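# Structural characterization, general
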Amino acid sequence: MSRADTAPRRPRPLWSLGLLRNEIGTTFRRWRTLALLAVLAGVPVLVGVAVKIETGGAGPAGGGGGPAFISQVTNNGLFLVFTSLAVTLPFFLPMSIGVLAGDAIAGEAHAGTLRYLLVAPAGRTRLLLVKYATTMLFCLAGTLVVALSALVVGALLFPLGEVTLLSGTTVSFGEGLLRALAIAGVVALSLTGVAALGLFVSTLTTSGIAAMATTVGLLITVQILDTIPQLHTLQPYLFPHYWLSFADLLRDPVYWDQLQKNLGLQALYTVVFGSAAWARFTTRDITA
């Protein structure tokens, strides 16, 4: 027996870039993922065309309805980025995340590949971390797709120039772009709670469809609860309650209170449901 055979093996690292690269490549090559990104990219097109048709390209849009900055779209196409993110954040973006996260573990179990992933040198904790990291990358990718699509459509349909913030201050177009990038980052971070919730649900079943439907159903239910006035004492603890606080980045000075509450709440949901997913997955009897 050689020295190599008798030498103790080094413990596997908790993180593996190879496993992560493989998971990212597999996820973003799936037709379902590409279809979700295509739907997200199409929303700004529909919003931009609707505003263009309604206003004929001149004058404020919507008569003051919708998000606080939609009336600025015809004056500056950059506001289509903010409007599109406000339109997609309540449903389209979290629904996409719910589909991806809900299928993360349950889909592997249903396809019969989960057992082989765990036989390979992956480990349950590391596999769960990789699944969550991939879901978070999709959060960022989906948000950037919406923002980039809106920027292109806004530039084609409306003029671009200096940005008048919600507080009345005018900033350069370059600073407006930086604020748009910051808003995209905040929107992506706002979805971390949904991603953790979906991953937890995914560890509870071996049916990917059931996990996706449950996650989306919970999302819709929580959204409804957040609109009922009688539940105002509960609503600040619901993960979508502060989602639209990203609009405070369009003020000068920036209002940080709601933004901090939003990010803190998402961190809390991530810790709670991430821990629950880990506890469930590491003790689960894998038979598929």
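Up top you'll find the structure we're talking about.
Residues numbered from 1 in each chain as written. Predicted model: local features only at pLDDT ≥ 70, side-chain atom pairs only at ≥ 80, totals over all residues. Heavy atoms only, no water.

### A short note on the overall build of the protein chain
The helix and strand tally for the protein chain stands at eleven helices and two strands. Each helix (α) and strand (β) of the protein chain, taken in turn from the N terminus, gives the series α-α-α-α-α-α-α-β-β-α-α-α-α. Across the 288 residues that make up the protein chain, the buried fraction comes to 45%. Taking contacts inside the protein chain between residues at least 6 apart in sequence as the whole, the part at least 24 apart equals 77%. Only carbon and sulfur atoms are counted for the fraction: they give 67% of the accessible area of the protein chain, which is about 13,900 Å². (Helix = DSSP H or I, 4+ residues; strand = E, 2+ residues; numbered from the N terminus. Buried < 20%, exposed > 50% of the residue type's maximum accessible area, 1.4 Å probe, protein only. Contact = heavy atoms within 4.5 Å. Areas by Shrake-Rupley, 256 points an atom, 1.4 Å probe, with all protein chains shown as cover.)

### Brief notes about the environment of Ala141
Mapped onto the fold, Ala141 is located in helix α7 (residues 124–157). C-alpha of Ala141 to C-alpha of Leu37: the two residues are 104 residues apart in sequence and 8.2 Å apart in space. Setting aside anything within four residues of it in sequence, one finds Ala141 in contact with Phe28 and Leu37.

### Quick look at the pattern of salt bridges
Summed over the entire model, instances satisfying the criterion amount to five salt bridges. Asp257 serves as the salt-bridge partner of Lys261, at 3.6 Å between the closest nitrogen and oxygen. Of this pair, Lys261 and Asp257 both sit in helix α11 (residues 257–283), separated by four residues, roughly a single helical turn. Of the residues examined, Lys261 reaches a relative accessible area of 38% and is grouped as partly exposed. (Salt bridge = Lys/Arg side-chain N within 4 Å of Asp/Glu carboxyl O.)

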